[in-house]
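# Chain and residue survey
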Amino acid sequence: MTVRFGYVLEAVQPGAEADIEVARKVVDPEQQDPEELRQALRPWAEAELARLKREFGLYTAEYGTWNDGQSAYYLRMLYIVWGGEDVISVHVDDSPVNYAGVRVLANQAEAFRALQASRRQETCSPESSGLVTSRASAAADRSAAKVSS
């Protein structure tokens, strides 16, 4: 079970169910200081917005963990008002949980999902439906009847 970290840049679409992903990048906090990665989020997001020639709008950039390709726990979230060529305004929201805490939370969540999946498999198997148990019980009853007679 590996916790993946990365950057995600999304365009906020008012009234839409979900934001539109603009860019993403895998980062490795084991190879680079997690705090340096936190600081590098804004320059990365601004460079992506400029490179992609994005229009005026509100964008979010997040540094955090991923689960099945989706953002899970964040270390830093930026709310960027992009003017089409440069940043007009930015709000920084740092997680109250540090890097080690986010890693623990992500590992616990992954372990919980794996446990739920194994329980779902157990409830769908013939053994858990009672078929095997009732067959074994019937066989035991027949054996007991033969022994007693």
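Refer to the structure above for everything that follows.
We now turn to the structure provided with this report. Owing to the predicted nature of the structure, the values given are computational and were not obtained by experimental measurement.

With that settled, the discussion passes to the overall build of the protein chain. Helix and strand content of the protein chain: three helices and five strands. In sequence order, the secondary structure elements of the protein chain are arranged as β-β-α-β-β-β-α-α. Counting across all 149 residues of the protein chain, residues that qualify as buried make up 28%. Across the protein chain, the fraction of contacts at a sequence separation of at least 24, relative to all contacts at a separation of at least 6, is 51%. In the form shown here, the protein chain has an accessible surface area of approximately 9600 Å², with 52% of it arising from carbon and sulfur atoms.

Even without glycine at this site, K53 takes up a positive phi of about 50°. Secondary-structure assignment places K53 in the loop between α1 (34-51) and β3 (57-67). By relative accessible area, K53 is classed as exposed at 70%.

Here the focus is the nonpolar core. Ranked by internal contacts, the top residues of the largest apolar core, which has 21 residues, are L9, Y59, Y63 and I80. Where this core is concerned, the elements lending two or more residues are β1 (4-11), β2 (20-27), α1, β3, β4 (70-82) and α2 (99-124). It is α1 that contributes the most residues to this core, five residues altogether. In this view, Y63 contacts F5, G6, Y7, V27, P29, P34, L37, R38, L41, Y74, L75 and R76; residues no more than four positions away in its chain are not counted.

Bringing the pattern of salt bridges into the picture now. Applying the stated rule across the entire model yields six salt bridges. Among the salt bridges present, the one from E21 reaches R24, with a minimum N-O distance of 2.8 Å. With a relative accessible area of 34%, R24 lands in the partly exposed category. Salt bridges sharing partners connect three or more residues here, namely E35, R38, R76 and D94.

Let us look at the pairing of β3. The element β3 is extensively covered by neighbouring structure, given that 10 of its 11 residues are classed as buried. Alignment of β1 against β3, held across eight bridges, turns out to be antiparallel. Along β3, the bridge assignment pairs Y7 with Y63.

Calculation notes
- Residues numbered from 1 in each chain as written.
- Predicted model: local features only at pLDDT ≥ 70, side-chain atom pairs only at ≥ 80, totals over all residues.
- Heavy atoms only, no water.
- Helix = DSSP H or I, 4+ residues; strand = E, 2+ residues; numbered from the N terminus.
- Buried < 20%, exposed > 50% of the residue type's maximum accessible area, 1.4 Å probe, protein only.
- Contact = heavy atoms within 4.5 Å.
- Areas by Shrake-Rupley, 256 points an atom, 1.4 Å probe, with all protein chains shown as cover.
- Core = buried A, V, L, I, M, F, W, Y, C linked by side-chain atoms within 4.5 Å.
- Salt bridge = Lys/Arg side-chain N within 4 Å of Asp/Glu carboxyl O.
- Pairing = 2+ DSSP bridges.

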